[in-house]
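Coordinate inspection notes
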Amino acid sequence: MKYVFLLSSKAGAGSFSELEHSIVKCYSSNNLKYTIIKTEHKNHACEIVQKYCDCSDVVLYVCSGDGTLNEVINKMKEINAKFSVGLIPSGTANDFSKNFDYSNFKIENTIKPFIDDIDLIKVNGRYCVNVLSFGFDTVILNSAYNLLKKNPKLRANAYPLAVFQNIFKIPKYKLESSTSNGQNGDVNLKGYYLLGAICNGGFYGGGFNPSPYANLTDGVLEMCLAETMPLYKIIPLIFKYKKGAHLSHPLIHFQKLTKGSIKFEKELMVNVDGEIFTTDSLDFEVLAKSLRFAKVCDYRKK
């Protein structure tokens, strides 16, 4: 097996000197071949994926956050890359990593990873490994990014600050959704909503937990929709949403699905693994066990 460590220069954690030192010490002492590559320009990560496309004996560890992992996975699917991808969380929020228990992680864990086939979301021609979302939460995410541009030292604290900035400007979105779970037919919803999340993983937005029972290998997605509501109901719900304790709320709609579509009254911001774009419609489906993932620690216990 060959090991490649991709260190993103744009990840929120800043300097990678300590991580680099750990990699060099561990792999040198075990007489293992490894390569450390730092991204130097836009699309550099995609170039690395292309370089190792046909190398089925390679494990490429993304040492970064959700954005770089998403970039790597999208390029892997585009060219049908044969290597396995793993993650050493080194970004700002590291939301995808929260699906795993990294509390006792050591670099030595990367030497013999468990290769697990995990699910992906395909949406509007692109791929998502963690969470696809839209609405108020994406407004908050966009505000958090703007805060981080001004003050990178905020790191994960940018998210609660962004909530405070936007809490008195609550939007509402008119939408129509149609979803199927492959067993019980279609579920159709129509109305005004505050936000929505289609989940493969369970965490996003700096640790909010829209799908507390998410499973990366079950071939099923979860959709969480929050109806519009007054501010006095939103504030306590935010704390429940953070803890994954919101599913019993009367204004929360939660369902399991394998595919679906959503049409919005007008274009709005959508978040895919932390990457933001605008659209007036979403077509999505689960791609069961479609990514070779190098798991270096156990899944998080529910």
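These notes cover the structure that comes with them. Since we're looking at a predicted model, the values are computed, not measured.

Cut-offs and rules
- Residues numbered from 1 in each chain as written.
- Predicted model: local features only at pLDDT ≥ 70, side-chain atom pairs only at ≥ 80, totals over all residues.
- Heavy atoms only, no water.
- Helix = DSSP H or I, 4+ residues; strand = E, 2+ residues; numbered from the N terminus.
- Expected span 1.5 Å × (residues − 1).
- Buried < 20%, exposed > 50% of the residue type's maximum accessible area, 1.4 Å probe, protein only.
- Arc of directions from axis to C-beta.
- Contact = heavy atoms within 4.5 Å.
- 1 Å grid on protein atoms, 1.4 Å probe; cavity = no way out; pocket = protein on both sides within 12 Å on 5 of 7 lines; lining within 4 Å.
- Points joined across faces, edges and corners; volume = space filled by probe spheres on them.
- Nonpolar A, V, L, I, M, F, W, Y, C, P; charged D, E, K, R; others polar.
- Core = buried A, V, L, I, M, F, W, Y, C linked by side-chain atoms within 4.5 Å.
- Axes fitted to C-alpha atoms, helices over the stretch in contact; angles between N-to-C directions.
- Parallel < 35°, antiparallel > 145°, perpendicular 65-115°, else oblique.
- Left-handed = near helix turned anticlockwise from the far one by under 90°.

Quick look at helix α1 (residues 17-29) now. Its 13 residues place the ends of α1 18 Å apart at the C-alpha level, agreeing with the 18 Å of an ideal helix rising 1.5 Å per residue. Here α1 has its buried residues at Leu19, Ile23, Cys26 and Tyr27. Buried residues of α1, seen end-on, are gathered within an arc of 85° and therefore sit on one face of the element. Opposite the packed face of α1, turned more than 90 degrees from it, sit the exposed residues Glu18, His21, Lys25 and Ser29. Each element contacted by the buried residues of α1 is listed here: β1 (2-7), β2 (34-38) and β3 (58-63). Positive backbone phi, approximately 55°, marks Asn31, located one or two places after α1.

Our next topic: the layout of surface pockets. Of the pockets and cavities examined, the second largest pocket occupies roughly 240 Å³. As for the second largest pocket, its lining consists of Ala156, Tyr159, Pro160, Val163, Phe164, Ile167, Gly206, Phe208, Ile235, Ile238, Phe239 and Lys242. Considered class by class, the residues forming the lining of the second largest pocket number ten nonpolar, one polar and one charged.

Turning our attention to empty space enclosed by the protein. Counted under the stated rule, the structure contains one cavity of 30 Å³ or more. Within this model, the largest cavity holds a volume of roughly 270 Å³. What lines the largest cavity is a set of 19 residues, among which Asp137, Ile140, Leu195, Phe208 and Tyr241 lie closest to the centre. Of all the secondary structure elements, the ones that give two or more residues to the lining of the largest cavity are α4 (136-150), α5 (158-166), β9 (186-199) and α6 (231-243). Looking at the lining of the largest cavity residue by residue, the class counts come to 15 nonpolar, three polar and one charged.

So, on to the nonpolar core. Nonpolar side chains in soluble globular proteins generally cluster together in the buried interior. With 45 residues, the main nonpolar core has Phe5, Tyr27, Tyr61 and Phe96 as its most contacted residues. Elements represented by at least two residues in this core include exactly β1, α1, α2 (44-51), β3, α3 (66-79), β4 (84-87), β5 (114-123) and β13 (275-295). The greatest single-element share of this core, amounting to six residues, is contributed by β3. Each residue touching Tyr27, except ones within four places of it in the same chain, is listed here: Tyr3, Phe5, Leu32, Tyr34, Tyr61, Ile107, Thr110 and Ile111.

Attention shifts here to the packing of α2 against α3. At a minimum axis separation of 9 Å, α2 and α3 run at an interaxial angle of 40°. As far as their axial angle goes, α3 and α2 are oblique. The crossing of α2 and α3 is right-handed. On the side of α2, the interface is formed by Ala45, Cys46, Val49 and Gln50, while α3 contributes Glu71, Val72, Lys75, Met76 and Ile79. Its residues assigned to classes, the contact of α2 with α3 comprises six nonpolar, one polar and two charged.

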